[in-house]
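# Breakdown of the fold
Here is what each chain is made of, one letter per residue.
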Amino acid sequence: MRAFTVERYGDKAGVRAGEVPDPEVGADDVLVRIRAASINPLDRMIRDGEMKTILPYRAPFVLGNDLAGIVIEVGSAVTDFAVGDEVFARPDKDRIGTFAELIAVHRDDVAIKPAALTMEEAASLPLVALTSWQVLVERARIQPGQKVLVHAGSGGLGTIAIQLAKQLGAHVATTTSTANVDLVKRLGADVVIDYKKQAFETVLHDYDVVLDSLGGETLEKSLDVLKPGGQVISVAGPPDAALGRELGANPVVRLAMSALSFRIRRRARRRNVSYSFLFMKAGGDQLRKLTPLIEAGTIRPVVDTVFPFESTREALEYVEAGRPKAGKVVVRMP
């Protein structure tokens, strides 16, 4: 099959198109003919080797973390999917590879595609929708009336997190550029901070939760908008020891993760708030919980641009250059 593989870590030229063997289908797997896949910042981080401590892939490997497609074969133990089903998924971290014609995915990580969506729209959702769910529902346990700040509201994660937070009954603030103020308001943001004109940390106060997807100075300043007991949950900041335990890392790696996040955790404690890092997990059950919201239009995908599969490398470069105006970039299979 055709696929885009990481031949070597560290640069754009390390991703190449070529022929790779078709996937093997285990007893609990479904084999999916991929119709669309989407680009995530995680793909660049994996390509550049930034995630090797957490995700030690051995090159060459197929890149890609989101998909929508059609089941063409099921494993001997699979009873909940059938050939011809239209599905979407974020494969498990140990079985990525959606920039390809085919992928074998464990049945637990797959869900039936929302009928109202195109393949391209469906492919834009799994990773960011699961991240939003795991941050807002599982970890933060958002309750009606709580105040949530979602950074980068016009990004792939931000557009979905705003909508889910509103569905949970939260008062939602977000940061975005001037060009996307109207978009994030339509998605449900109650307060919009145009970062080109305002400093969010001087405007927002007494928030319960911050979803940080930017890291760096933005993460540091996010501590200042929380009320006592509030929490910053980051997908871009330094990992913590809890992640190491979750991934089953050895004690040396867990210690290194703890050291990386020591400064931000100490500053958080001094302010009587908390910091934690979230690395999202695959989960077909959570996608199924999200599907009624998608079918009802409560959560709507935002797709910026669709590239042909042959231009997957160009799609990665487009995202890396910061050119998307809003939402996700998708590649469509021929």
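A quick note: this is a predicted structure, and the numbers were derived from the prediction, not measured.

One open sheet accounts for 3 strands, arranged β2-β1-β4; its pairing is antiparallel. Every other strand in the sheet has two partners, leaving β2 (15–19) and β4 (61–62) as the edge strands with one partner each.

Bringing the environment of Thr-218 into the picture now. Relative to the helices and strands, Thr-218 resides in helix α7 (residues 216–222). The contact partners of Thr-218, leaving out residues within four places of it in the chain, are His-151, Phe-200 and Asp-212.

This part takes up the pairing of strand β10 (residues 171–176). Of all the 6 residues making up β10, 5 are buried; the element is thus mostly covered by neighbouring parts of the structure. Alignment of strand β9 (residues 147–150) against β10, held across 4 bridges, turns out to be parallel. Counted as the bridge partner of Leu-149 is Ala-173 from β10. Note that β10 and strand β11 (residues 191–194) share 4 bridges and pair parallel.

What follows concerns the sheet that holds β9. Read from one edge of the open sheet, 6 strands run β11-β10-β9-β12-β13-β14, paired in parallel fashion. The open sheet has two edge strands with one neighbour each: β11 and β14 (274–277). Here the average twist between neighbouring strands, direction ignored, is 15°.

Centre-to-centre distance and the angle between the planes together describe a pair of aromatic rings. Per the counting criterion, the structure on display carries 4 aromatic pairs. On the basis of an interplanar angle of 90° and a centroid distance of 5.3 Å, the ring pair of Phe-4 and Phe-309 is categorised as edge-to-face. Remark: Phe-309 occurs in the loop between β15 (303–308) and α12 (312–320) and Phe-4 occurs in strand β1 (residues 2–6); sequence separation between them is 305 residues. Judged by relative accessible area, Phe-309 falls into the buried class, the value being 4%.

Parameters and conventions
Residues numbered from 1 in each chain as written. Predicted model: local features only at pLDDT ≥ 70, side-chain atom pairs only at ≥ 80, totals over all residues. Heavy atoms only, no water. Pairing = 2+ DSSP bridges. Helix = DSSP H or I, 4+ residues; strand = E, 2+ residues; numbered from the N terminus. Contact = heavy atoms within 4.5 Å. Buried < 20%, exposed > 50% of the residue type's maximum accessible area, 1.4 Å probe, protein only. Axes fitted to C-alpha atoms, helices over the stretch in contact; angles between N-to-C directions. Phe/Tyr/Trp six-rings, centres within 6.5 Å; stacked < 30°, edge-to-face > 60°.

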